[in-house]
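Below are the chains, spelled out letter by letter.
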Amino acid sequence: MRPLLMIPGPIEVSPAVVAAASGPPPSHVSAQVIEAFGESLEMMREVFCASPSSQPFVVAGSGTLAMEMAVVNLIEPGDSVVVVNTGYFSDRMAEMLRRRGATIEEVRAPSPGAAPTVAEVGEVLRRVRPIAVFTTHVDTSTGVKIDAAAIADLGKDLGILSIFDGVCATAGEEFLMDEWGADIYLTASQKAIGLPAGLALLMASERAMMRREELKTPPPMSMDFHQWLPIMKAYEERRPSYFATPATTLIMALQVGLKEILEQGMANVFERHQSVADGMRAAWHSMGLETLTDPHLVANTLSAIRYPAGLDATLVSEIAKSSVIVAPGLHPECKTEYFRVGHMGYTTLRNDWLETSVLAVSQALSAKGHVNSLDKALEALRAHIG
Ligand code: PMP
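Model, not experiment: these values are computed from the prediction.

A.B. asks: Looking at this model, I keep getting lost on the overall build of the chain. Mind explaining?
C.D. replies: Scanning the chain from N- to C-terminus turns up 14 helices and 14 strands. Against the compact-globule benchmark of 21 Å for 386 residues, the chain has a radius of gyration of 21 Å, which places it among compact chains. The principal-axis extent of the C-alpha atoms belonging to the chain is close to 60 × 55 × 30 Å. Each of the 386 residues in the chain was classed as buried or not, and the buried ones make up 59%. The long-range fraction of contacts in the chain, counting pairs at least 24 apart against all pairs at least 6 apart in sequence, stands at 71%. Here the chain displays about 14600 Å² of accessible surface, and carbon together with sulfur accounts for 54% of that area. Where the 31 positive side-chain charges of the chain centre and where its 44 negative ones centre are 4 Å apart.

A.B. asks: Teacher, can you tell me more about unusual backbone geometry here?
C.D. replies: If a residue is not glycine, its phi is most likely negative; likewise, a peptide bond is most likely trans. A cis amide bond links glycine 9 with the next residue in sequence, proline 10, at an omega value of -5°. As for its position among the elements, proline 10 is in the loop between β1 (4-5) and α1 (15-20).

A.B. asks: I'm lost on the site of the ligand in this one. Help?
C.D. replies: Looking at the ligand, there are 15 residues lining it, with Ser62, Gly63, Thr64, Thr140 and Asp165 nearest. In the model, an oxygen atom of the ligand is placed 2.8 Å from a nitrogen or oxygen of the glycine 63 main chain. Threonine 64 places a side-chain nitrogen or oxygen 2.5 Å from an oxygen atom of the ligand. In isolation the ligand exposes 390 Å². Once the protein is present, 87% of that is buried. Looking at the shell around the ligand, the elements with two or more residues in it are α3 (63-74) and α4 (88-99). Counting residues per element, the shell around the ligand draws most heavily on α3, which supplies 3 residues. Of the residues in the shell around the ligand, the class split is 6 nonpolar, 6 polar and 3 charged.

A.B. asks: Hey, could you run me through helix α10 (residues 248-264) in this one?
C.D. replies: Counting along an α-helix, one turn takes 3.6 residues, and residues three or four places apart therefore face a common direction. Compared with the 24 Å implied by 1.5 Å per residue over 17 residues, the 25 Å span of α10 between its first and last C-alpha is a close match. All of the buried residues in α10 are Thr248, Leu250, Ile251, Met252, Ala253, Leu254, Gln255, Gly257, Leu258 and Ile261. Those residues of α10 that are buried lie in contact with α1, α2 (31-47), β2 (55-60), β10 (199-204) and α11 (266-286). Phi for glycine 265, located one or two positions after α10, is positive at around 90°.

A.B. asks: I'm lost on the sheet that holds β2 in this one. Help?
C.D. replies: Pairing between sheet strands relies on hydrogen bonds along the backbone, with the strands arranged either parallel or antiparallel. Reading across the sheet, the 7 strands line up as β2-β10-β9-β8-β5-β3-β4 and stay open at both edges, with mixed pairing between neighbours. Both edges of this open sheet fall to β2 and β4 (103-108), since each of them pairs with a single strand only. Averaged over all pairs of adjacent strands, the angle between strand axes in this sheet comes to 15°, irrespective of strand direction. With 3 bridges joining them, strand β8 (residues 161-165) and strand β9 (residues 184-188) adopt parallel strand pairing. Note on β9: the bridge partner recorded for phenylalanine 164 is tyrosine 185.

A.B. asks: Help me out: how do you make sense of the sheet that holds strand β11 (residues 302-306) in this one?
C.D. replies: With antiparallel pairing, the 3 strands of this open sheet are ordered in space as β11-β14-β13. Sheet topology places β11 and β13 (327-328) at the edges, where each strand pairs with a single neighbour. In this sheet, strand β14 (residues 338-342) lies alongside β11 in antiparallel orientation, the contact comprising 5 bridges. Its bridge partner lying in β14, serine 303 is registered against valine 341. Packing of α11 onto the sheet brings it into contact with β11 and β14, and relative to β11 it is tilted by some 15°.

A.B. asks: Before we go on, may I ask you to explain the UniProt feature "modified residue: N6-(pyridoxal phosphate)lysine" (unreviewed entry) in the chain in this structure?
C.D. replies: UniProt annotation of "modified residue: N6-(pyridoxal phosphate)lysine" (unreviewed entry) refers to Lys191 when read in the numbering used here. Tracing the sequence through the fold places lysine 191 in the loop between β9 and β10. Overall, lysine 191 belongs to the buried group, its relative accessible area being 8%. A polar side-chain atom of lysine 191 sits 2.7 Å from the main-chain carbonyl oxygen of proline 8.

A.B. asks: Mind showing me how you'd approach the nonpolar core here?
C.D. replies: Within soluble globular proteins, side chains that are nonpolar tend to cluster in buried spots. Counting 100 residues, the largest nonpolar core has Phe57, Val58, Leu97, Phe134, Ile184, Leu202 and Phe225 as the members making the most contacts within it. Looking at this core element by element, the count peaks at 8 residues for α2. Taken together, domain 1 (4-8 + 266-385) and domain 2 (15-264) each give at least three residues to this core, which thus spans both. In contact with leucine 202, other than residues within four places in its own chain, are Met44, Gln55, Pro56, Phe57, Ala66, Met69, Ala70, Ile184, Tyr185, Leu186 and Phe225. If you look at the next biggest cluster of nonpolar residues, it comprises 30 residues, including Met287, Leu311, Phe339 and Tyr346.

A.B. asks: Sorry if this is basic, but what is going on with the domain arrangement of the chain here?
C.D. replies: The parts lose accessible area when they come together, and the size of an interface is often stated as this lost area. You can read the domains of the chain as domain 1 (4-8 + 266-385) and domain 2 (15-264). On the side of domain 2, 30 residues touch domain 1, which itself brings 27 residues to the contact. Approximately 2400 Å² of surface area, both sides summed, lies buried where domain 1 meets domain 2, with 63% of it carried by carbon and sulfur atoms. The largest share of the area that domain 1 buries against domain 2 comes from Met266, Phe270 and Leu297, three residues that together contribute 26% of it. Here domain 1 and domain 2 share 0 salt bridges between them. Inspection of the region where domain 1 meets domain 2 yields 11 residue pairs in polar contact (both at pLDDT 80 or more). Breaking the side of domain 1 that touches domain 2 down by element, the ones donating at least two residues are α11, β11 and β14. Top element by residues in the side of domain 1 that touches domain 2 is α11. It accounts for 5 residues.

Procedures and definitions
Residues numbered from 1 in each chain as written. Predicted model: local features only at pLDDT ≥ 70, side-chain atom pairs only at ≥ 80, totals over all residues. Heavy atoms only, no water. Helix = DSSP H or I, 4+ residues; strand = E, 2+ residues; numbered from the N terminus. Rg over C-alpha atoms; globule rule 2.2 N^0.38 Å. Buried < 20%, exposed > 50% of the residue type's maximum accessible area, 1.4 Å probe, protein only. Contact = heavy atoms within 4.5 Å. Areas by Shrake-Rupley, 256 points an atom, 1.4 Å probe, with all protein chains shown as cover. Lys, Arg positive; Asp, Glu negative; His and termini not counted. Charge placed at Lys NZ, Arg CZ, Asp CG, Glu CD. Near = heavy atom within 4 Å. Polar contact = N/O pair within 3.5 Å; in protein donor to acceptor, adjacent residues only side chain to side chain. Nonpolar A, V, L, I, M, F, W, Y, C, P; charged D, E, K, R; others polar. Expected span 1.5 Å × (residues − 1). Pairing = 2+ DSSP bridges. Axes fitted to C-alpha atoms, helices over the stretch in contact; angles between N-to-C directions. UniProt positions renumbered as here; feature names shortened; annotations may be inferred. Core = buried A, V, L, I, M, F, W, Y, C linked by side-chain atoms within 4.5 Å. Domains from an automatic or database assignment. Buried area = accessible area lost by both parts, 1.4 Å probe. Salt bridge = Lys/Arg side-chain N within 4 Å of Asp/Glu carboxyl O.

See below:
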């Protein structure tokens, strides 16, 4: 039996997405790719809750490329930036900014699973007055979700660009890009968007696009908004064009994946992720497990769960014996102390998969001598997911 993939990305995808991603590779200038690309860009604005004037980019690559595109198109050597650091992926963003030659001030979480307060971020932004503030919406290493609305609001008030890494959040956590006034929201295809890995997705506000115009140090060619803008415009106008070959098979799948999300309605998508996360957390708590994440900061897209006393990372391989794959910890300071279960995207629509995951964790705990009740865990889950 093929194991069920319950890591925080890549995730299980829908049968329609599998079908769309399985066809013979089409040309990048074929009518079907032009239509799929154009429609996907239009749908992206809705999924990202972005304004009609914002600019979507879809480029072959992963979330890391999307992060770097944000860095090199908005920042140049000598610029002052602030990084709100909640874990492993904020460290990565800071390193990219350092390599671009920015002067960085970090507002760091006091410990893994925590986050700086909005007041702390505001104090630093008022003192430093940077060009931009970079924040990880959901840090996949700790399960921490930051108050993105409040940080975007600070950016808007102070005239500071706000950039959010939504790789573990976009289409899973509420993010109202237009309403909140955020400048970049970026993600990758293999998370809540519900595709295989291979696409970097990024939405830029008008302010962000204007910032690119001001740069004196151009970005590397393959990441430059200037190179990609005419291509994105052409696809939206349903015209063929070429700068660098797009991942055509994944573009066909993107059209299907985004359509499936929009058919549910964004408000329902966010609500469903909330119910599923509540249910999964209730199940873990009923087994006597605790989250690594501060309960006020828990994300809806994954659970970061501490091993109970006496257990260690061998629990992850014990869980795999039930054909469910979960992920070990990732935060460098405490990765041996917890494991992670992803619950985002198409997975949230499959109660059977959520139950199978709870069952696998329960059985593994029992096998390791940690007493727990599967019935109670399933009851706790079902109370939330219906
Ligand atoms: N940011 C976050 C929050 C992530 O979760 C990830 C991937 N786990 C990345 C960035 C990097 O994305 P990728 O692995 O697709 O390059």
